[in-house]
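Fold and contact review
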Amino acid sequence: MSWLNSVRNVIPFVAKRETPDNLWHKCRGCGQMVFTKELEDNLNVCPKCDHHDRIGPKARFRHLLDEGSCNELPAAKVPEDPLKFRDSKRYADRLKAARANAAENDALVNARGTILGHKVVIGVQDFAFMGGSMGLAVGEAFVRGVEAAIADQCPYVIFTASGGARMQEGILSLMQMPRTTVAIQMLHDAGLPYIVVLTDPTSGGVMAAYAMLGDVQIAEPKATLAFTGRRVIENTIREKLPDDFQTSEYYLDHGMLDMVVHRHDLRERLATVIGYLTGSRKAA
Ligand SMILES: [Zn+2]
């Protein structure tokens with residue numbers, strides 16, 4: 001026990017300070033300190049600069065789905081650590097730590113529910129879980145999400161956030177690219193829409209697979225979206241790239257996206273899009 005604590009214990013009227021260490025959050029956009037509570041109440045959008053911070057599956061479901069309609073799909077079961085991979089740490093240990101930290105089984109979580117009355121299955125990638133990396137579990141969860149959408153005859157909406165393929169699973173992670181592509185084809189064969197919402201950051205193998213195959217491509221403002229990092233491209237083509245290169249707005253200007261939507265408007269916008277695509281538009 002420190003000297004200060006021992007003094008505090010013998011002086012009964014000096015209250016112990018109870019300050020949680022996550023009371024404040026430093027905004028990645030403007031660098032200012034924001035009350036965590038205020039940030040969360042604003043759907044993780046900075047109230048000072050409008051920066052869209054990362055948001056996990058639970059908060060995303062709470063925001064998008066109608067109250068009481070959310071029904072999370074069970075986590076996908078896949079062989080764990082198939083290559084017995086080890087770098088500076090064992091992959092099995094990294095998985096264990098990520099699970100304890102994110103309170104999720106892997107980086108993609110699905111839920112059934114309704115958005116303003118429209119039936120939907122939503123998949124949300126969690127960047128907090130090993131950088132949202134795509135391995136066997138993410139591929140399997142994606143396929144399960146699509147299968148649930150086909151069973152419910154409703155669209156599948158995916159929120160992407162990923163650094164790319166999970167290198168600890170080697171070629172098995174890359175195989176999730178064609179696998180998820182086939183799943184999207186299954187959805188199309190069933191006549192159901194596949195909607196992508198790109199969030200910050202989406203890159204690598206995910207960007208080269210299911211993140212760019214949506215019937216409707218939506219992105220959150222100022223998200224970093226890339227296959228390869230900026231520096232690598234600049235060094236290869238020996239040219240300076242524009243400042244807004246690899247942002248949502250750049251992709252929109254160049255015809256790669258249908259719309260950039262503020263997080264506060266996403267629920268309404270998704271409901272409208274789903275209404276148009278499924279022919280179940282509600283009378284206003
Ligand atoms: Zn900010």
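What comes next is a walk through the structure.

The rules behind each value
- Residue numbers here run from 1 along each chain, matching the order of that chain's written sequence.
- With the structure being a predicted model, the display of local features is reserved for residues of pLDDT at least 70 and the display and counting of side-chain atom pairs for 80 or more, all residues being used for whole-chain, interface and lining totals.
- Just so you know, side-chain values use all the structure's heavy atoms and leave hydrogens and water out.
- Any residue under 20% of the maximum accessible area for its type is buried, any over 50% is exposed, and the rest in between are partly exposed; the area is computed with a 1.4 Å probe on protein chains only.
- Strands here are runs of E lasting at least two residues and helices are runs of H or I lasting at least four, both read from the DSSP assignment and numbered beginning at the N terminus.
- Here the rule is simple: two strands pair whenever DSSP picks up at least two bridges between them.
- The term polar contact refers here to a pair of N or O atoms within 3.5 Å; inside protein, the definition further demands a hydrogen-donor-capable atom paired with an acceptor-capable atom, and it admits residues adjacent in sequence only when both atoms are side-chain atoms.
- The contact definition used throughout considers only heavy atoms, calling two residues in contact when any of these lie within 4.5 Å.
- Note on patches: the residues involved have over 30% relative accessible area and no salt bridge, like charges join within 9 Å, and the nonpolar side chains Val, Leu, Ile, Met, Phe, Trp and Tyr join within 5 Å.
- Residue burial considers only the protein chains on display, and all accessible areas are found by Shrake-Rupley using a 1.4 Å probe.
- In the sections that follow, a salt bridge refers to a side-chain nitrogen of Lys or Arg positioned within 4 Å of a carboxyl oxygen of Asp or Glu.
- Interaxial angle, 0 to 180 degrees, is taken between N-to-C directions of lines fitted to C-alpha atoms, where a helix line uses only the stretch in contact.
- In what follows, roughly perpendicular refers to angles from 65 to 115 degrees, roughly parallel to angles under 35, roughly antiparallel to angles over 145, and oblique to any angle outside these ranges.
- Gly counts as polar in this scheme, as do all residues outside two lists: the nonpolar Ala, Val, Leu, Ile, Met, Phe, Trp, Tyr, Cys and Pro, and the charged Asp, Glu, Lys and Arg.
- Take the buried residues of types Ala, Val, Leu, Ile, Met, Phe, Trp, Tyr and Cys, join any two whose side-chain atoms come within 4.5 Å, and each joined set is a nonpolar core.

Quick look at the pairing of strand E6 (residues 156-162)
Burial within E6 is extensive, with 7 of its 7 residues counted as buried. Residues Tyr156, Ile158, Thr160 and Ser162 line one face of E6 and the alternating positions Val157, Phe159 and Ala161 line the opposite face, and both faces are buried. Bridge count between strand E5 (residues 118-125) and E6: 4 bridges; the pairing is parallel. Paired with Gly123 across the strands is Ile158, a residue of E6.

Details of the side chain of Asp66
As for its placement among the helices and strands, Asp66 is situated in the loop between helix H3 (57-64) and strand E3 (71-72). Side-chain polar atoms of Asp66 contact the backbone nitrogen of Leu116, separated by 2.8 Å. Within polar-contact distance, the side chain of Asp66 engages the side chain of Arg267 at 2.8 Å. Apart from the residues within four sequence positions on either side, Asp66 is in contact with Thr114, Ile115, Leu116, Gly117 and Arg267.

With respect to a nonpolar patch on the surface
There is a patch of nonpolar side chains on the surface, built from Leu23, Trp24, Met33 and Phe35 and spanning about 370 Å² of accessible area. Among the structural elements, Phe35 can be located in strand E2 (residues 33-35).

Focus on the packing of helix H5 (residues 136-152) against helix H7 (residues 176-189)
With their axes 10 Å apart at the nearest point, H5 and H7 run at an angle of 5 degrees to one another. When the axis of H5 is compared with that of H7, the two are roughly parallel. Judged by residue contacts, Leu136, Gly139, Glu140, Phe142, Val143, Val146, Glu147, Ala149 and Ile150 of H5 engage Gln176, Arg179, Thr180, Ala183, Ile184, Met186 and Leu187 from H7. Among the residues forming the contact of H5 with H7, the class breakdown is 10 nonpolar, 3 polar and 3 charged.

Considerations on the nonpolar core
Among the nonpolar cores identified, the biggest contains 39 residues, and Phe142, Tyr156, Ile158, Tyr194, Leu198 and Tyr210 are the most heavily contacted of them. Elements with a contribution of two residues or more to this core: helix H4 (91-102), H5, E6, H7, strand E7 (194-203) and helix H8 (204-207). Broken down by element, this core gets its largest block of residues, 7 residues, from H5. If we ignore the near neighbours within four places in the chain, the residues touching Tyr210 are Gln125, Met134, Val138, Phe142, Ile158, Thr160, Thr180, Ile184, Tyr194 and Val196. Residues Val120, Val216, Leu266 and Ala271 belong to the second largest nonpolar core, which totals 22 residues.

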